[in-house]
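Letter by letter, the chains look like this.
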Amino acid sequence: MTQKTGTITLIGAGLTGPLLALELVKRGFQVEIYERRADMRRVQMSAGRSINLALSVRGIHALTQAGLWNDMQKIVIPMKGRMMHSATSEITFQPYGRNESEVINSISRADLNIALMNAVEERGVKIHFQKRCSGIDLKSGVLELQEEKTGETHSVAADVVIGCDGSASAIRGEMLKRSRFNFSQQYLDYGYKELTIPAAPGGKHALEKNALHIWPRGNYMLIALPNVDGTFACILFLPFEGKDSFEQLPTRAAVLEFFQLQFPDARALMPDLVDNFFANPVGSMVTIRCSPWYFEGKALLLGDAAHAIVPFFGQGINCGFEDCTVLMELLGQHGADWNKVFSEFERARKENTDAIADLAIENFVEMRDRVGDPRFLFRKKMEFALQEKYPQRFVPKYSMVTFLRVPYTTALKRGQVQDRMLTELCEHIDRIDDLDWKKAERLVDSELSPLELQ
Ligand SMILES: Cc1cc2nc3c(=O)[nH]c(=O)nc-3n(C[C@H](O)[C@H](O)[C@H](O)COP(=O)(O)OP(=O)(O)OC[C@H]3O[C@@H](n4cnc5c(N)ncnc54)[C@H](O)[C@@H]3O)c2cc1C
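Quantities reported herein were computed from a predicted structural model and do not represent experimental measurements. (Residues numbered from 1 in each chain as written. Predicted model: local features only at pLDDT ≥ 70, side-chain atom pairs only at ≥ 80, totals over all residues. Heavy atoms only, no water.)

### A look at the sheet that holds strand β20 (residues 299–301)
So, step 1. Read from one edge to the other, the open sheet built from six strands follows the order β9-β3-β2-β13-β20-β19, with strand pairing classed as mixed. Every other strand in the sheet has two partners, leaving β9 (126–128) and β19 (294–295) as the edge strands with one partner each.
So, step 2. Looking at chain direction, strand β2 (residues 7–11) and strand β13 (residues 160–163) are connected through four bridges and run parallel. Across the sheet, Ile11 pairs through a bridge with Gly163, a residue of β13. (Pairing = 2+ DSSP bridges. Helix = DSSP H or I, 4+ residues; strand = E, 2+ residues; numbered from the N terminus.)

This is the structure:
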């Protein structure tokens, strides 16, 4: 056994692990990371390679604090809004924000991971690849690590362990064995599959570059996010079983027919559709809630390990990076009193991560079903009109989550009030000009206090 003193050991070099390591090293801690996978900079990976993430203010804030955002701008593409594609290939655009500064940023998950790993290694942090954490003695902090290549195991004693090991966290697995550990996991009946739209001749984008493209089809959808190399990373979300499901697409002919019928304009841009479809696995999506997130001052869960959410609000990593921001603030306040820092961290974050979990499930219905509905688009316009008139009070829910760092609980609660208000105000009209502004003012004044904008 190797004895380590004063070292913080992170499990997982996915997205939160390296960012957290950077922040800890900045504050003078020794950090080591153990990662199950091989190093993706040296070995070709398949699954997860072509997923793009939408980075917004919470993630950007954390990356800026870490000194990484400036350089990262070269590998992101701003998306100004949703571009909806109907089954007859008509296109509608719905902006995300009020102006061009309110955008979300498409980034390849692999590029983001590589940039983070490079940055952390430059700071002298060692990432031990292909070492799977297969257990931890929470009391002593002794970790059991398994060599992925040989299956051999060895132990490492750690002072403090932070589980950044994602939704199937091994650290959480050990906590689960303890009494009074609360845990729930809720899988969607939907799966997802990665697909690609290649670049057009000359490396150009085959669709509008600065948008997130959606083919909403009621019960399911296809989305596409732009990459800097001209390609689009697409994700098909379908039920696992039943009507229009993955189960019903067992053959090449069935896949082609389904795409030709449902997504004809996307199909025309996907020459390798069928090969892609059968090469990539169907992923599942889960919401995980658990508590407590820590064991004494010895071990903590962070990111998806503590609170995995479904991807429909584009907040999983934004929320995980915000975890890092909050943890560093608490470390600043309490010093390395880990028990205090960990308990305060859970106190600050838990209700917020529960709120974004609910918002993410709610947004699935919005994306796959409602974005194609003219009434929904009218409500969106109305939201901007109300925000224009009452910028301190009426801020659309999407904007609170995506463009502001207000607590997710605030976004959830105010969003519910605003939704009711919109239903009442939009009920009998279909033009902004017909809005009863007196009634709007009365509702806004009585139900929405000024929002602390940050
Ligand atoms: C289809 C899809 C689309 C998404 N889109 C968005 C989006 O647009 N915006 C957004 O903000 N979020 C999005 N997310 C969510 C985002 O990917 C996650 O929230 C984020 O990756 C979580 O980061 P993490 O570091 O907690 O976990 P991960 O990134 O999953 O990293 C965990 C790491 O731990 C390693 N590991 C696991 N177990 C062990 C072990 N036992 N020992 C050692 N290492 C281990 C894994 O190999 C991995 O490298 C999306 C997710 C999916 C699936």
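### Quick look at the sheet that holds strand β8 (residues 104–108)
To summarise the sheet geometry, strands pair through backbone hydrogen bonds and adopt either a parallel or an antiparallel arrangement.
So, step 1. Reading across from one edge, β4-β8-β5 is the order of the three strands in this open sheet, with antiparallel pairing throughout. Whereas interior strands pair on both sides, the edge strands pair on one side only; in this sheet they are β4 (52–55) and β5 (76–79). Ignoring which end each strand starts from, the neighbouring axes of this sheet average 30 degrees apart.
So, step 2. As paired strands, β4 and β8 are joined by four bridges and run antiparallel to one another. (Axes fitted to C-alpha atoms, helices over the stretch in contact; angles between N-to-C directions.)

### Brief notes about the pairing of strand β7 (residues 91–95)
Here is the key point about a regular strand: its side chains alternate between the two faces of the sheet.
So, step 1. Summarising the sheet, strand β6 (residues 81–85) and β7 pair through five bridges and their orientation is antiparallel. Considered in β7, the bridge of His85 is made with Ile91.
So, step 2. Adjacent in sequence and paired antiparallel, β6 and β7 are bridged by five residues, among which Ser89 carries a positive phi angle near 70 degrees.

Bear in mind that shape data such as this cannot, by itself, settle questions of function.
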